Structures are given as structure tokens and as C-alpha cells.
Amino acid sequence: MLKIIVCVSGGGTNLQAIIDGVERGTIRNTQIGGVISNNAGAYALERARKAGIPAYCISPKDYGNRQEFNDAFLKKVNSLGPDLIVLAGFLVILPEKMTQAYKDRIINIHPSLIPSFCGTGFYGLKVHEAALERGVKVTGATVHYVDEGTDTGRIIAQKAVEVLEDDTPEILQRRVMEQAEWVILPEAIDRIAAEYRVLDT
Ligand code: GAR
């Protein structure tokens with residue numbers, strides 16, 4: 001069984017897709033060991049609690065400086081003992097200590113086709129605003145491993161989504177979520193869990 005933890009910051013629709021996938025059996029051999037948010041008001045925490053998953057908030061606001069927050073965050077992650085860490089709309093840059101300690105065991109969903117519209121400053125709605133401003137006709141989402149850089153790790157999966165004439169950033173964001181993110185993130189976890197089982201036996 002692959003034990004995952006999911007890190008979130010906001011609405012948690014990707015978390016919900018993972019919870020649903022595990023419940024329906026489309027994500028196999030996987031257990032969600034906990035959800036961590038950096039934001040106490042994140043609806044994602046509510047989704048976790050409703051599903052009976054331990055949910056924690058580690059907020060920078062509760063610590064004197066970044067170092068203390070980073071240490072507390074890493075300590076919480078370590079205490080949950082994950083095989084895989086899933087960043088699902090987690091808008092915090094991970095401490096380097098963590099990317100090193102969990103090399104090849106952290107994945108992220110990004111709402112564009114990397115290497116377009118990614119890196120520092122490209123998150124959430126800003127990604128879709130930039131795509132519309134540039135006038136691209138196709139966008140999408142990417143699941144990738146997390147390394148020390150921002151959105152630079154090895155790509156696991158991508159799915160393209162059409163941009164339509166009258167799209168607003170909100171409409172495009174929703175289409176990218178529905179057609180790409182909620183599909184490829186659960187699939188990637190299922191695939192990693194399948195490989196994990198092979199390694200495990
Ligand atoms: C998602 O679109 C995710 O791809 C994006 O934030 C949103 C979170 O939504 N992540 C990033 O932009 C990371 N750079 P959710 O909380 O409903 O899953």
C-alpha cells in the first residue's frame with residue numbers, strides 16, 4: 001500500500017479527485033495518510049475531515065520566521081511517514097531540506113503544459129490569465145516530480161485542453177481542472193502505486 005499525504009492551500013478540488021479515486025478504486029493500492037494545509041481557511045481541510053482523513057494546518061503565521069515554519073512543516077510531514085507527497089494546489093515553496101529528503105517522492109500538479117506558463121509567479125488563476133493574454137489556443141495541465149527548482153522536475157504526465165474564444169481565466173481554469181487535472185493527477189498516483197507494489201513484493 002502506497003501511503004500518500006496531500007499538501008493543499010485552497011479549495012481542494014484536486015484533493016477531492018484523489019479522495020474519490022481512492023474510494024471508487026480507480027486509484028489502487030493507495031492510502032491517504034493525511035492532508036496538510038498552510039492556510040487555516042482552506043476548504044480542502046473540510047474536504048479531508050468529511051472523508052475521515054487526518055487534516056492539519058501548519059501556517060507561516062504561527063511561526064516567528066520562515067526557518068521555524070519550514071522546520072515545523074517538515075517535522076509534520078516526517079511524522080506522517082509518507083511514501084509519496086502530493087502537492088495539490090499547494091502554494092508554498094518547499095524547503096530544500098525537504099526536496100532532498102524526499103527526492104523522487106514528491107509530485108505536483110501544475111495548470112499548464114510545462115514549460116509554458118510555469119515557474120516563479122505562475123500559480124492558480126495567474127497561469128490562465130497569462131495563457132489568455134498570450135493568445136494560446138491550447139493549454140492543459142502537467143504532473144511532475146518536484147526538485148529544488150520551481151516546476152522544473154521530471155514530467156510524469158500532461159494533458160492538453162482547448163482554449164475557446166470567449167474564455168475568461170475562471171472558465172478556462174475550470175475546463176483545465178475538469179478535463180486535465182482531475183484526470184491526470186489520480187492516474188499518476190495510481191501508476192506510481194502500481195510500481196510501488198512491484199517494488200514492494
Ligand atoms: C489547481 O489548478 C492547481 O493546478 C494549481 O492550483 C489550483 C488548486 O486548486 N496549482 C498551481 O498553480 C501550482 N503552481 P484546488 O485547490 O481546487 O485543487
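1. Concerning the site of the ligand
At step 1: The environment of the ligand is formed by 14 residues, the closest being Gly-12, Thr-13, Asn-14, Gly-124 and Glu-181.
At step 2: In the model, an oxygen atom of the ligand is placed 2.9 Å from a nitrogen or oxygen of the Asn-14 side chain.
At step 3: Glu-181 has a polar side-chain atom sitting 2.7 Å from an oxygen atom of the ligand.
At step 4: Out of a free accessible area of 450 Å², the ligand has 91% covered by protein chains.

2. Topic: the layout of surface pockets
Where empty space is left becomes clear once a probe the size of a water molecule has been rolled over the atoms.
At step 1: Looking at the largest pocket, its volume works out to about 720 Å³.
At step 2: Each residue belonging to the lining of the largest pocket can be placed in one class, and the counts come to 14 nonpolar, 19 polar and four charged.

3. Re the packing of aromatic side chains
At step 1: According to the stated counting rule, one finds four aromatic pairs in the structure shown.
At step 2: For the ring pair Tyr-63 and Phe-69, a centre distance of 6.3 Å and an interplane angle of 55° mean the geometry is tilted.
At step 3: For Phe-69, a relative accessible area of 1% corresponds to the buried category.
At step 4: With centroids separated by 6.0 Å and ring planes inclined at 20°, the aromatic side chains of Phe-69 and Phe-73 adopt a geometry described as stacked. Separated by four residues within a single helix, Phe-69 and Phe-73 lie in helix 3 (residues 66-80), roughly one turn from each other.
At step 5: For Phe-73, a relative accessible area of 1% gives the class buried.
At step 6: A cation sits over an aromatic face here: Lys-76 above Tyr-56, 4.0 Å from the ring centre.

4. So, the side chain of Asp-190
At step 1: With respect to the element layout, Asp-190 can be found in helix 6 (residues 169-200).
At step 2: When sequence neighbours within four positions are dropped, the list of residues in contact with Asp-190 reads Thr-26, Ile-27 and Arg-28.

5. Focus on unusual backbone geometry
At step 1: Look at the link from Ile-114 to Pro-115: it is a cis peptide, with omega at 20°.
At step 2: Assignment of secondary structure puts Pro-115 in the loop between strand 5 (106-110) and helix 5 (125-134).
At step 3: The backbone of Asn-29 shows a phi angle near 55°, a positive value even though the residue is not glycine.
At step 4: As for its position among the elements, Asn-29 is in the loop between helix 1 (13-24) and strand 2 (30-37).
At step 5: Assessed through its relative accessible area of 17%, Asn-29 is described here as buried.
At step 6: At Asp-104, a position not held by glycine, the phi torsion is positive, near 65°.
At step 7: Mapping Asp-104 onto the fold places it in the loop between helix 4 (96-101) and strand 5.
At step 8: We classify Asp-104 as partly exposed; its relative accessible area is 42%.

Conventions used here
- Residues numbered from 1 in each chain as written.
- Predicted model: local features only at pLDDT ≥ 70, side-chain atom pairs only at ≥ 80, totals over all residues.
- Heavy atoms only, no water.
- Near = heavy atom within 4 Å.
- Polar contact = N/O pair within 3.5 Å; in protein donor to acceptor, adjacent residues only side chain to side chain.
- Areas by Shrake-Rupley, 256 points an atom, 1.4 Å probe, with all protein chains shown as cover.
- 1 Å grid on protein atoms, 1.4 Å probe; cavity = no way out; pocket = protein on both sides within 12 Å on 5 of 7 lines; lining within 4 Å.
- Points joined across faces, edges and corners; volume = space filled by probe spheres on them.
- Nonpolar A, V, L, I, M, F, W, Y, C, P; charged D, E, K, R; others polar.
- Phe/Tyr/Trp six-rings, centres within 6.5 Å; stacked < 30°, edge-to-face > 60°.
- Buried < 20%, exposed > 50% of the residue type's maximum accessible area, 1.4 Å probe, protein only.
- Helix = DSSP H or I, 4+ residues; strand = E, 2+ residues; numbered from the N terminus.
- Lys NZ or Arg CZ within 6 Å of the ring centre and 35° of its normal.
- Contact = heavy atoms within 4.5 Å.

Interpretation note: all reported values are geometric properties and have no functional meaning in isolation.
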